[in-house]
Amino acid sequence: MDARHTRHPLVGLLELHQENFALPDESGIELLVLSAAPSSPAEDGLRLLAGLGADSPDAHPAVDARVRE
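Residues numbered from 1 in each chain as written. Predicted model: local features only at pLDDT ≥ 70, side-chain atom pairs only at ≥ 80, totals over all residues. Heavy atoms only, no water.

Whenever I open this one, the pairing of strand β1 (residues 2-8) confuses me. Can you help?
For a regular strand, the rule is simple: side chains alternate between the two faces of the sheet. With 7 bridges connecting them, β1 and strand β2 (residues 12-22) associate as antiparallel partners. Each residue of the ladder has a partner; that of Thr6, found in β2, is Leu14. (Pairing = 2+ DSSP bridges. Helix = DSSP H or I, 4+ residues; strand = E, 2+ residues; numbered from the N terminus.)

Help me understand the confidence of the model for the protein chain, please; the structure alone is not making it clear to me.
A low pLDDT means the predicted coordinates there should not be read in detail. When pLDDT is averaged across the protein chain, the result is 83; 77% of the residues are at 70 or more. Ranking the elements of the protein chain by mean pLDDT puts β1 last with 90 and β2 first with 93. (pLDDT = per-residue confidence, 0-100.)

Would you take a moment to explain the environment of Leu46 for this structure?
Assignment of secondary structure puts Leu46 in helix α1 (residues 41-51). Placed 38 residues apart in sequence, Leu46 and His8 show a C-alpha to C-alpha distance of 10.0 Å. Setting aside anything within four residues of it in sequence, one finds Leu46 in contact with Leu14, Leu16 and Ala36. (Contact = heavy atoms within 4.5 Å.)

Right, here's the structure in full:
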């Protein structure tokens, strides 16, 4: 697990843990998972960001799941 630091314009510095998982089909594609430590300032920042616009109709846009080559 690696640490990744990023600065968000609304919540400031976020220290996130990064894990990469290779898909089992040998396609070379990886799943990247970023998470915050429990009870950390980064977790608070992510919760704040998740709540922004939650009541807006645009909060959950449709996902385009087509594969691009």
